[in-house]
Amino acid sequence: MSRILVTGGSGRLGRSVVAGLAGAGHDVVSVDRSLPADPHPAVEHRGAELTDPGSTHALIRDARPDAVINLAAIAVPFSAPEHVILQTNAVIAHNVAGAATEAGVRRIVMASSPTVLGYGCPAGWLPPSFPLTEETPPRPWHAYGLSKHVAEQVAQMFAAAQGGSVRYASFRPCYVIAPEEWEGAPTQQGHTVLERLDDPALAAPALFNYVDARDVTSFLEALLERMGAITNGDTFLVGAADALARRPLAEVVPEFVPGSERLAAGLTGTAPAFSIDKARRVLGWEPVRTWRTELREGAGVAASGAPTVTGRHGEDTA
């Protein structure tokens with residue numbers, strides 16, 4: 001097992017990642033600006049200001065991890081002034097990657113975002129094709145998406161400078177659903193999962209993408225195990241195997257993305273708009289949770305008043 005340092009470990013995704021990695025037997029160091037109110041008993045928690053390069057270098061040098069996963073960032077578009085989001089997220093990515101490299105860490109992973117692809121642009125957006133893949137050209141239109149594109153470029157820059165001696169990768173997690181949100185807790189945008197299902201307009205800005213936080217953890221384990229076999233600095237999309245929608249996206253996407261009828265025509269059945277085939281092929285990873293298996297009976301009241309979906313609550317790996 002490895003000693004893994006996770007930045008942003010107190011965040012929505014970070015909490016599940018540190019718990020899942022600790023549950024799998026790894027020695028986990030969780031880093032955030034402040035210590036959590038309910039620290040995981042099997043995790044070492046440290047506070048740090050990661051926008052400060054000196055503090056970041058000292059932290060990682062002292063922690064002596066085998067691997068670093070950088071989740072720290074301002075996590076929501078437009079939740080702060082644009083220049084603050086860009087500067088904060090880009091600086092954190094560079095500080096963490098640089099400090100980890102200097103400290104001799106051999107596996108360094110950066111969290112990016114599917115928003116680098118530019119969907120939802122108010123001036124209009126159409127991709128070359130659906131489903132979206134890692135080959136879809138990035139077209140960020142806000143500071144958050146740009147900052148995440150920069151994080152990917154940071155990983156590729158260090159990979160180019162270090163050759164094969166240090167392994168770097170980035171991943172783009174879809175809209176993260178934490179375990180408690182299947183039971184009715186509000187999601188990142190303030191709606192319940194059921195409300196996002198019953199009102200397609202709520203999930204449409206994310207093109208109906210989502211992923212269970214515990215499946216992200218299993219992806220990260222697979223990535224860390226196989227980083228020696230991937231293209232150094234490579235990027236992976238990480239999502240559920242289906243869409244967060246009751247109807248096929250071939251029908252739903254054109255309602256919210258003008259001009260996409262032909263492009264979306266192949267998104268039949270439960271197919272998502274974001275392909276995870278690369279993670280499947282390269283890493284052997286497969287998500288195991290969907291809204292059909294995880295959404296709890298009574299998990300919130302939909303805005304439309306539609307009946308609650310009955311489903312099985314999946315086993316929590318944390």
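Residues numbered from 1 in each chain as written. Predicted model: local features only at pLDDT ≥ 70, side-chain atom pairs only at ≥ 80, totals over all residues. Heavy atoms only, no water.

Visitor: Just to check I follow, could you spell out the overall build of the protein chain for this structure?
Guide: When its secondary structure is counted, the protein chain shows 11 helices and nine strands. In summary, the protein chain has a C-alpha radius of gyration of 19 Å against a globular reference of 20 Å for 318 residues, a match within 12%. Dimensions of the protein chain, computed from C-alpha atoms along their principal axes, come out at roughly 55 × 40 × 40 Å. Classification of the 318 residues of the protein chain by burial places 53% in the buried group. (Helix = DSSP H or I, 4+ residues; strand = E, 2+ residues; numbered from the N terminus. Rg over C-alpha atoms; globule rule 2.2 N^0.38 Å. Buried < 20%, exposed > 50% of the residue type's maximum accessible area, 1.4 Å probe, protein only.)

Visitor: Quick question: what am I supposed to make of the environment of Ala229 here?
Guide: Tracing the chain through its elements places Ala229 in the loop between helix H7 (213–226) and strand S9 (234–238). By relative accessible area, which is 69% here, Ala229 ends up exposed. For Ala229 and Val282, which are 53 residues apart along the polypeptide, the C-alpha to C-alpha distance reads 8.4 Å.

Visitor: Whenever I open this one, the pairing of strand S6 (residues 167–173) confuses me. Can you help?
Guide: On a regular strand, each side chain points to the face opposite its neighbour's, so the side chains alternate between the two faces of the sheet. Among the seven residues that make up S6, seven are buried, leaving the element largely enclosed by the rest of the structure. Two elements, strand S5 (residues 107–111) and S6, share five bridges in a ladder whose sense is parallel. By the bridge assignment, Met110 is partnered in S6 with Ser170. Following the backbone out of S5, through helix H4 (residues 143–162) and into the adjacent parallel S6, one traces a crossover that is right-handed. Pairing analysis gives five bridges linking S6 to S9, with the strands arranged parallel. By the bridge assignment for S9, Arg172 is matched with Leu237. (Pairing = 2+ DSSP bridges. Right-handed = clockwise from strand over helix to strand, strands pointing away.)

Visitor: Would you mind going over the sheet that holds strand S4 (residues 67–70) with me for this structure?
Guide: Two orientations exist for strands paired in a sheet by backbone hydrogen bonds: parallel and antiparallel. An order of S3-S2-S1-S4-S5-S6-S9 is seen for the seven strands of this open sheet, with the pairing classed as parallel. Taken across any chain shown, the strands that pair with only one partner, and hence form the sheet edges, are strand S3 (44–47) and S9. Averaged over all pairs of adjacent strands, the angle between strand axes in this sheet comes to 20°, irrespective of strand direction. Of the strands in this sheet, S5, S6 and S9 are in contact with H4, which crosses S6 at around 165°. (Axes fitted to C-alpha atoms, helices over the stretch in contact; angles between N-to-C directions. Contact = heavy atoms within 4.5 Å.)

Visitor: Looking at this structure, how should I read the packing of aromatic side chains?
Guide: We describe a pair of aromatic rings using the distance from one ring centre to the other and the angle between the two ring planes. Taken as a whole and judged by the stated rule, the model has 10 aromatic pairs. Aromatic pair Tyr119 and Trp125: ring centres 6.1 Å apart, planes at 70°, arrangement edge-to-face. Classification of Tyr119 as buried rests on a relative accessible area of 9%. With a relative accessible area of 9%, Trp125 lands in the buried category. Each member of the aromatic cluster is reached from another via a ring pair, and the members are Tyr119, Trp125, Phe130 and Phe274. One residue, Arg196, lies across the ring of Tyr175, its end atom 3.9 Å from the ring centre. (Phe/Tyr/Trp six-rings, centres within 6.5 Å; stacked < 30°, edge-to-face > 60°. Lys NZ or Arg CZ within 6 Å of the ring centre and 35° of its normal.)

Purely geometric numbers; function is a separate question.
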